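An overview of the molecular structure
Take a look at the letters that make up each chain.
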Amino acid sequence: MSTVIAATGLTKRYKNATALDGASFRIESGRIVGLIGPNGAGKTTALKAILGLTDFQGELSVLGLDPRKQRGKLMEQVCFIADVAVLPRWIRVREAVDFVANTHPRFDRRKCEAFLARTRLTPGLRVKQMSKGMIVQLHLALVMAIDARLLVLDEPTLGLDILYRKQFYQNLLEDYFDEDKTIIVTTHQVEEVEHILTDLMFIRDGKIVLDADMDSVGERFAEVMVGADKAAAARALRPLDERQVFGKSIFLFDGADRAVLEGLGEVRRPSVSDLFVATMKGTYA
Amino acid sequence: MKTFYWLVKREFWEHRGGFLWAPVITGGVFLLLNLMGIIAGEAMGHFDAHADFIGNNMGLFNHALNEGDITKVGLGLDVMMYSTTMIICIVLGFVVFFYFLGALYDDRRDRSLLFWKSLPLSDSATVLSKVAAGTLLAPLIAVICGVLTGIGMLLMYAITLSFHGVGVWHLLTYAHPFRVIANQIITIPLYALWALPCTGWLLLCSAWARSKPIRWALLLPVAVGMMLGWFNLLGARVMGNGWYWDMCGRILLSVFPGSWLGHNFQYAGSGSEQALDLLRVGNAYTVMATPGFWIGAIAGLALLAGAIWLRRWRDDT
């Protein structure tokens, strides 16, 4: 397993805001990493830094290259989809495929056409005539035909209906992902990516506040449903969060002793979205 | 090289309307006006009426054919072919001006920049492909359309005259369509170099502006000029500002083909020989002997370098 991204002290300040504040993290190959954070937490800036689209302070190496200086070389091995609406509106399906086929050294035309054949896209169709879902199908067809080592997805399913969203991730998993590839995805629809992620990163105010693989998330965090009689005891264990459901309290614990928790009530693995809400409490306050 | 070819091709796809259809339609409208003129002339029943109709070059044609000297007939016909290209070139000037103004701005505005930037394309290749599309490909298409229109016009007149029993077909063979085309095509590199300061300036504004690049492109030079004028008015005599407006002209208008002819252009009216002489390749290229030409070209390259740098670091926000 090799390191795909190594970031140390990543910092980016705009005129009146700090987008990244000394963020450090490592991403190994063969992982699907969810970079999750509230609006304005620095997700997009982090991705832009990785893609060499913005300047920053700190150290960052992507596939062993410096994205600031070796962007041209880097982009042969990195693909990204930055939400659905970035394909030029004037381009036709045929032109898009021709262009990428002739400018990208790692593009496999047959793969792209095979993928397009499973959609309703026709060669003469222009992007401006397509629905959002069709645009993302075209973009995905182009990207999946590129043998890249890193795929960056920034809110790739924003504004799509549920059929397209499900299909999008299914295609990624079945036809694209393997142990040599790495995917980073940011999204607000956490529930939809939860089951495909291998790693989870929470970002808040430009800092990485949680960086763990999904297995250790399951070991570290636990959710317990506690009756009113034992609520005080649960509170004594200093939970991250507490909420009420049907007269019972649900507590979220970080690193608490399992055996003790079992004694309080039913222990479950928390969902990523509950974990997220608990971790980000007070962000907008 | 292959990548560059496809980058230019992409520009053509995107701007087919300006690069191809604008010259084709201009030529078509020109021919249509001439045809209307001919029909109007025929309807009025006398030959001179042709010349009175707006947009009709019959007078020019008649003039050319009435020259006693055979070589002069040929020259006159060549001038007619140039005249159609000239009209198309005025359209081309506007097309190229607005093409450069939007070239590095439109894809930032609609965020398709993010798609282009997801491909392994260098920013210098991207910017230079736009320069090539605007100052080599677009003029080439314009020249071809211009000459085809010119030939179409000559044929139209010849056919009209043959109805009147005037055999002019053999006279038409004295025209030099290939020389006209070659002459104009050889002038294209001159155009590209001459236009560099304007190309560079417009692309720089296009890469720089967060909204409405035309404001930067036009208002900034005008505002600076007015400041200079004001200083001069106060008697500061910092420097004369005639040179400044010359420079402004160069920076804003040199994408208009033939603008290197400058004041010499008035001689073009004195006869077909003078006009052709002015347009002759050797003559056109004499502008290269002036220092202003090269100073402009170097300044243009510097502006382009700035545009490439901005293209690298400006993002969609």
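So, here is what we can say about the structure in this document.

Rules of the game
- The residue count restarts for each chain, going from 1 along the sequence in the order it is written.
- The order in which chains are written sets their letters, starting at A; the order in which ligands are written sets their numbers, starting at 1.
- Per-residue local features are limited, in this predicted model, to residues with pLDDT of at least 70; the limit for side-chain atom pairs, both in listing and counting, is 80 or more; totals at the level of whole chains, interfaces and linings are taken over all residues.
- Calculation of side-chain values draws on the structure's entire complement of heavy atoms; hydrogens and water are dropped beforehand.
- Elements are defined by DSSP. Helices are runs of H or I of four residues or more, strands are runs of E of two residues or more, and each kind is numbered from the N terminus.
- Residue burial is assigned from relative accessible area. The probe radius is 1.4 Å, only protein chains are included, and a residue is buried under 20% of its type maximum, exposed over 50%, and partly exposed in between.
- Here, two residues are considered to be in contact whenever any of their heavy atoms come within 4.5 Å of each other.
- Lines fitted to C-alpha atoms define the axes, with helix axes restricted to the stretch in contact, and inter-axis angles between N-to-C directions lie between 0 and 180 degrees.
- By definition in this entry, angles of less than 35 degrees are roughly parallel, angles greater than 145 are roughly antiparallel, angles of 65 to 115 are roughly perpendicular, and the rest are oblique.
- Three classes are used: nonpolar for Ala, Val, Leu, Ile, Met, Phe, Trp, Tyr, Cys and Pro, charged for Asp, Glu, Lys and Arg, and polar for all others, with Gly counted as polar.
- DSSP bridges decide pairing: two strands pair if at least two such bridges lie between them.
- Nonpolar cores are built from buried Ala, Val, Leu, Ile, Met, Phe, Trp, Tyr and Cys residues. Side-chain atoms within 4.5 Å join them into one set.
- Domain boundaries shown here were taken from an automatic or database domain assignment.
- Each patch groups residues whose relative accessible area exceeds 30% and which form no salt bridge, using 9 Å between like charges and 5 Å between nonpolar side chains of Val, Leu, Ile, Met, Phe, Trp and Tyr.
- Values of accessible area rely on a 1.4 Å probe in the Shrake-Rupley scheme; residue burial ignores everything except the protein chains shown.
- The salt bridge criterion pairs a side-chain nitrogen of Lys or Arg with a carboxyl oxygen of Asp or Glu, the two atoms within 4 Å.
- Computed over the protein atoms alone on a 1 Å grid, cavities are sets of points where a 1.4 Å probe fits but cannot get out and pockets are open sets with protein on both sides within 12 Å along at least five of seven lines; a residue lines them when it has an atom within 4 Å of a point.
- Grid points are joined across faces, edges and corners, and a volume is the space filled by probe spheres set on the points.
- It is the rotation of the near helix from the far one that decides the hand of a crossing: anticlockwise by less than a right angle makes it left-handed, clockwise makes it right-handed.
- To estimate how far a helix should extend, the number of its residues minus one is multiplied by 1.5 Å.
- The bend at a residue is defined as the angle formed between two axes, one fitted to the seven residues ending at that residue and one fitted to the seven starting there.
- Two rings from Phe, Tyr or Trp (for Trp, the six-membered ring) form a pair when their centres sit within 6.5 Å of each other. Planes less than 30 degrees apart are called stacked, planes more than 60 degrees apart edge-to-face, and all others tilted.
- Remark: a charge is flagged as sitting over a ring if the NZ atom of Lys or the CZ atom of Arg is within 6 Å of the ring centre and within 35 degrees of the ring normal.

We now examine the overall build of chain A. Tallying secondary structure elements over chain A gives 11 helices and 13 strands in all. Out of the 285 residues belonging to chain A, those deemed buried represent 53%. Sequence separation of at least 24 residues holds for 70% of the intrachain contacts in chain A that already meet a minimum separation of 6.

Further remarks concern the packing of helix H10 (residues 177-194) of chain B against helix H16 (residues 291-313) of chain B. Axes are the key here: two packed helices are described by the angle between their axes and the distance separating the axes. Residues and elements named next belong to chain B. Across the interface, H10 lies against H16 with an axial gap of 8 Å and an inter-helix angle of 65°. Looking at the two axes, H10 sits roughly perpendicular to H16. Side by side, H10 and H16 meet where Leu190, Leu193 and Trp194 of the first sit next to Phe293, Trp294 and Ala297 of the second. Taken together, the residues of the contact of H10 with H16 break down into 6 nonpolar, no polar and no charged.

All right, on to the sheet that holds strand S13 (residues 265-268) of chain A then. Residues and elements named next belong to chain A. The antiparallel open sheet is built from 4 strands, whose spatial order is S11-S12-S10-S13. Of all the strands in the sheet, just strand S11 (241-245) and S13 have a single pairing partner and so form its edges. Across the sheet, the axes of successive neighbouring strands diverge by a mean angle of 25°, strand direction being ignored. One ladder, built from 6 bridges, connects strand S10 (residues 221-226) with strand S12 (residues 248-254); its direction is antiparallel. In the strand pairing of S12, Ala222 is matched with Phe253. Here helix H11 (residues 272-279) sits on the sheet in contact with S10, S11 and S12, set at roughly 80° to S12.

Counting 100 residues, the largest nonpolar core has Ile5(A) and Leu200(A) as its most contacted members. Considering every element that reaches this core, the biggest residue donor is helix H5 (residues 132-144) of chain A, with 9 residues. Both domain 1 (3-205) and domain 2 (217-279) of chain A contribute no fewer than three residues apiece to this core. Residues Ile88(B), Ile141(B), Trp194(B) and Trp260(B) belong to the second largest nonpolar core, which totals 48 residues.

A surface patch of nonpolar side chains, amounting to about 800 Å² of accessible area, comprises Trp21(B), Val24(B), Ile25(B), Val29(B), Leu32(B), Leu33(B), Leu35(B), Met36(B) and Ile39(B). The exposure class of Ile39(B) is exposed, given its relative accessible area of 52%.

Let us look at the environment of Asn283(B). Residues and elements named next belong to chain B. Looking at where Asn283 falls in the secondary structure, it is placed in helix H15 (residues 281-285). Judged by its relative accessible area of 23%, Asn283 is partly exposed. Sequence separation between Asn283 and Leu261 is 22 residues, and the spatial gap between their C-alpha atoms is 9.7 Å.

Residues and elements named next belong to chain B. The volume enclosed by the second largest pocket comes to roughly 590 Å³. Forming the walls of the second largest pocket are 21 residues, and the residues nearest its centre are Trp194, Asp246, Met247, Gly249 and Arg250. Breaking the lining of the second largest pocket down by element, the ones donating at least two residues are helix H13 (242-253) and H16. A breakdown of the residues in the lining of the second largest pocket according to their chemical character gives 11 nonpolar, 8 polar and 2 charged.

Axis separation between helix H3 (residues 93-103) of chain A and helix H1 (residues 2-14) of chain B bottoms out at 9 Å; the angle between their running directions is 160°. Between H3(A) and H1(B), the crossing angle belongs to the class labelled roughly antiparallel. In this structure, H3(A) crosses over H1(B), and the sense of that crossing is left-handed. Every residue of H1(B) that contacts H3(A) at Glu95(A), Asp98(A), Phe99(A), Asn102(A) and Thr103(A) is listed here: Lys2(B), Thr3(B), Trp6(B), Leu7(B), Arg10(B) and Trp13(B). Per-class residue counts for the contact of H3(A) with H1(B) are 4 nonpolar, 3 polar and 4 charged.

Here is the key point about a regular strand: its side chains alternate between the two faces of the sheet. Residues and elements named next belong to chain A. Strand S7 (residues 182-186) sits mainly inside the fold: 5 of its 5 residues count as buried. Residues of S7 alternate between two faces, with Thr182, Ile184 and Thr186 on one and Ile183 and Val185 on the opposite face, all of them buried. When strand S3 (residues 32-36) meets S7, the two strands line up parallel, connected through 3 bridges. From the neighbouring strand, Ile32 faces S7, where its bridge partner is Ile183. Bridge count between strand S6 (residues 150-154) and S7: 5 bridges; the pairing is parallel. Each bridged residue has a counterpart across the sheet, and for Leu151 the counterpart in S7 is Ile183.

Turning our attention to the environment of Ala256(A). Residue and element names in this part refer to chain A. In this structure, Ala256 sits in the loop between S12 and helix H10 (258-264). The partly exposed category is assigned to Ala256, whose relative accessible area is 25%. When the C-alpha positions of Ala256 and Leu237 are compared, they lie 7.7 Å apart, and in sequence the two are 19 residues distant. If we skip the residues at most four places from it in the chain, Ala256 touches Arg220 and Leu261.

Moving on, we come to helix H8 (residues 123-163) of chain B. Since the α-helix turns once every 3.6 residues, residues separated by three or four places project in the same direction. In a regular helix each residue adds 1.5 Å, so 41 residues correspond to 60 Å; H8(B) covers 59 Å between its end C-alpha atoms and thus fits that length. A bend of about 35° at Ala133(B) is the largest found in H8(B).

This next bit is on the packing of aromatic side chains. A full pass over the atoms with the stated rule returns 16 aromatic pairs over all chains. Site record: aromatic cluster; members linked through ring pairs are Trp90(A), Phe99(A), Phe115(B) and Trp116(B). The positively charged end of Arg68(A) is found above the aromatic ring belonging to Phe56(A), 4.0 Å away from the centroid. Positioned over the ring face of Trp116(B) is Arg10(B), at 4.1 Å from the centre of the ring.

Okay, helix H11 (residues 196-208) of chain B next. Residues and elements named next belong to chain B. Relative to the 18 Å expected for 13 residues at 1.5 Å per residue, H11 spans 18 Å between its end C-alpha atoms, a close match to the ideal helical length. With 12 of 13 residues buried, H11 is to be regarded as a mostly interior element. Taken residue by residue, H11 has Leu196, Pro197, Cys198, Thr199, Gly200, Trp201, Leu202, Leu203, Leu204, Cys205, Ser206 and Ala207 as its buried positions.

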